[in-house]
Amino acid sequence: MPETKFTGYRCSICGEEYPPLDQIYTCPRDGGNLDVVLPSLRIRRELSPERLAASTEPSLWRYLPLLPVGDPLSWGTPLRAAGWTPVYQPPLLARRLGLERLWIKDDGRNPSASFKDRASAVVVARAREIGAERVVTASTGNAGAALACMAAAAGQPATIFAPRTAPPAKIAQLLVFGAQVILVDGTYDEAFDLTVQAAQEFGWYCRNTGYNPFTAEGKKTAALEIWEQVLLPNRFERPLCVFVSVGDGNIISGIHKGFKDLLNLGWIEQLPRIIGVQAEGSAAVANAFHAGGERITPVAAQTLADSIAVDLPRDGVRAVRAARETGGTYLTVSDAEILQAIAAMGPAGIFSEPAGAAAYAGLVKALGLGLVTGADPVLVLITGSGLKDVRAAMQAVHEAPVIEPNLAAVKRLLNI
Ligand SMILES: *Cc1c(COP(=O)(O)O)cnc(C)c1O
Ligand SMILES: [Zn+2]
């Protein structure tokens, strides 16, 4: 077996450890999500925060020493360009919310325009290493677009199962990137189960969110970037509050993992508070959090934020822990609040798809409830570009007036 950059997997439920085999997804005993275990002692010996921060690599591959895969070496392709997304400090929004320190991290700026590129880049790198013939994923749209994009860059055959109701822009991306696209006349959850069956039957490598352990490893790079972009240059007297929207719960789990890796390395002293935000109509993780346990009861998901419409979150237990173990919490927001958040961020130059805007709507709610105060440093993660779902965006704004093409009509309209 070739040398791996990780020492194995650990079940998040029973703690059982497994060797770094080619294809293991969830714990064979209890179905628990597996954490990838890194050789942290060796990393600590060989790496320093200064060395890492000195990297000139403008992508998530600047964190290669902390990732369980090798360098994909396909320079200049989208696979190489995922991550290292910008953070903004929009004065308009900070003032309006009464916050002293507000950062927005825009992951809509990834090659396929969503956070999912982080996971797909690392999974495709892994697929190449184990010589996978074909990678398959279920997706509400973004995970598929990200896999299709990264697979195209690497010359890796890919198949995507998505609900036929996915927004047209996302389906267009899948097709343009040249993946095999199969639309399922059913929900995301049905597509998920079908994908697992197909992967087993045909020997495909399955990328499914909250199933493949490498997705969280890709997603943790957002936490490493928040550390470099916001925590390192600032000295906070209180923990940073990070707002993340939650569907399957894999982004929030990945971010938790990233901050825990930093804590284990001794590079941060305390974990940021991680605050998960779900749509009211798709709140299985928030329900479990507020019930006080870890039991995830499925819901019949109903929200216009398609990227977080999930009946049974596949990474729910770790998602509950991400908030519970960091002094965070879970909030739910209505579709109307999500649309308001799209409209609120636009005038600051930020265009988010509904699922990303949910995180901002959560911040508005947390301030209203006093869970976060004006003195707390806050970061909101925008997980997908507004161009992903133009239909929802149009619901968030007024229609533009239509006039005759002459100046008189302009004057009439503007009353001048
Ligand atoms: C997938 C996704 C989420 C939620 O991530 P989970 O891992 O499913 O919790 C949020 N926003 C966008 C834009 C997404 O694509
Ligand atoms: Zn287990």
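Residues numbered from 1 in each chain as written. Chains lettered and ligands numbered in written order. Predicted model: local features only at pLDDT ≥ 70, side-chain atom pairs only at ≥ 80, totals over all residues. Heavy atoms only, no water.

A.B. asks: Any chance you could explain the overall build of the protein here in plain terms?
C.D. replies: For the protein, the count of helices and strands is 17 helices and 13 strands. Since a compact globule built from 416 residues should have a radius of gyration of about 22 Å, the 21 Å found for the protein is in line with a globular shape. Taking the principal axes of its C-alpha atoms as reference, the protein extends roughly 75 × 50 × 45 Å. The buried share among the 416 residues of the protein stands at 59%. At a minimum sequence separation of 6, the contacts of the protein that also span at least 24 residues come to 70%. Carbon and sulfur atoms make up 53% of the accessible area of the protein, which amounts to about 17,000 Å² in all. Charged side chains in the protein number 39 positive and 41 negative. The centres of these two groups are separated by 4 Å. (Helix = DSSP H or I, 4+ residues; strand = E, 2+ residues; numbered from the N terminus. Rg over C-alpha atoms; globule rule 2.2 N^0.38 Å. Buried < 20%, exposed > 50% of the residue type's maximum accessible area, 1.4 Å probe, protein only. Contact = heavy atoms within 4.5 Å. Areas by Shrake-Rupley, 256 points an atom, 1.4 Å probe, with all protein chains shown as cover. Lys, Arg positive; Asp, Glu negative; His and termini not counted. Charge placed at Lys NZ, Arg CZ, Asp CG, Glu CD.)

A.B. asks: It is not clear to me how the coordination of the zinc ion (ligand 2) should be interpreted in this structure. Could you clarify?
C.D. replies: Ideal geometry at a metal centre gives angles of 109.5 degrees when four donors are arranged tetrahedrally and 90 or 180 degrees when six donors are arranged octahedrally. At this site the zinc ion (ligand 2) is bound by Cys11 (SG), Cys14 (SG), Cys27 (SG), Asp30 (OD) and Asp30 (OD), with donor distances of 2.3 to 2.4 Å. In primary sequence terms, the donor set of the zinc ion (ligand 2) follows C-x2-C-x12-C-x2-D. Of this pair, Cys11 sits in strand β1 (residues 8-11) while Asp30 sits in the loop between β2 (17-18) and β3 (34-37); the two residues are 19 residues apart in sequence, bridging distant segments of the chain. Overall, the relative accessible area of 4% leaves Cys11 in the buried class. (Donors = N, O, S within 2.8 Å, 3.2 Å for Na, K, Ca; no water.)

A.B. asks: Could you clarify how one ought to interpret the pairing of β1 in this entry?
C.D. replies: As a general feature of sheets, a regular strand has side chains that alternate between the two faces. Relative to β3, β1 runs antiparallel, the two being bridged by four bridges. For Cys11, the partnering residue across the bridge sits in β3 and is Leu34. As paired strands, β1 and β2 are joined by two bridges and run antiparallel to one another. Bridge pairing in β2 links Arg10 to Glu17. (Pairing = 2+ DSSP bridges.)

A.B. asks: What should I look at first to understand the side chain of Thr85 in this one?
C.D. replies: Turning to its location among the elements, Thr85 is positioned in the loop between α3 (78-81) and β4 (87-88). Among the polar contacts listed, one links the side chain of Thr85 to the side chain of Asp107, at a separation of 2.8 Å. Ignoring sequence-local partners within four residues, the contact set of Thr85 consists of Lys105, Asp106, Asp107, Arg109, Asn110, Arg118, Glu225 and Gln229. (Polar contact = N/O pair within 3.5 Å; in protein donor to acceptor, adjacent residues only side chain to side chain.)

A.B. asks: Can you help me understand the nonpolar core in this one?
C.D. replies: The nonpolar side chains of a soluble globular protein tend to be buried, and buried together. Judged by nonpolar contacts, the single largest core of 97 residues is most densely connected at Trp61, Ile255, Phe259 and Tyr330. Leu97, Leu102, Ala358 and Ala396 belong to the second-largest nonpolar core, a separate cluster that totals 35 residues. (Core = buried A, V, L, I, M, F, W, Y, C linked by side-chain atoms within 4.5 Å.)

A.B. asks: Explanation requested: the site of ligand 1 in the structure shown.
C.D. replies: Around ligand 1, the structure places 16 residues, and the nearest of them are Lys116, Gly247, Asp248, Gly249 and Thr383. Lys116 is positioned such that a nitrogen or oxygen atom in its side chain is 2.7 Å from an oxygen atom of ligand 1. The separation between a nitrogen atom of ligand 1 and a polar side-chain atom of Thr383 is 2.7 Å. Out of a free accessible area of 380 Å², ligand 1 has 98% covered by protein chains. Its atoms largely coinciding with the cavity grid, ligand 1 occupies the largest cavity. A class-by-class count of the residues in the shell around ligand 1 yields four nonpolar, eight polar and four charged. (Near = heavy atom within 4 Å. 1 Å grid on protein atoms, 1.4 Å probe; cavity = no way out; pocket = protein on both sides within 12 Å on 5 of 7 lines; lining within 4 Å. Sits in = over half its atoms within 2 Å of the grid points. Nonpolar A, V, L, I, M, F, W, Y, C, P; charged D, E, K, R; others polar.)

A.B. asks: Could you clarify how one ought to interpret helix α15 (residues 354-369) in this entry?
C.D. replies: What sets the pattern is the α-helix's 3.6 residues per turn: residues three or four places apart point alike. In this model, α15 (16 residues) spans 22 Å end to end at C-alpha, consistent with the 22 Å of a helix rising 1.5 Å per residue. Residues of α15 that are buried: Pro354, Ala355, Gly356, Ala357, Ala358, Ala359, Tyr360, Ala361, Gly362, Leu363 and Ala366. Downstream of α15 by one or two residues, Gly370 has phi in the positive range, about 75°. (Expected span 1.5 Å × (residues − 1).)

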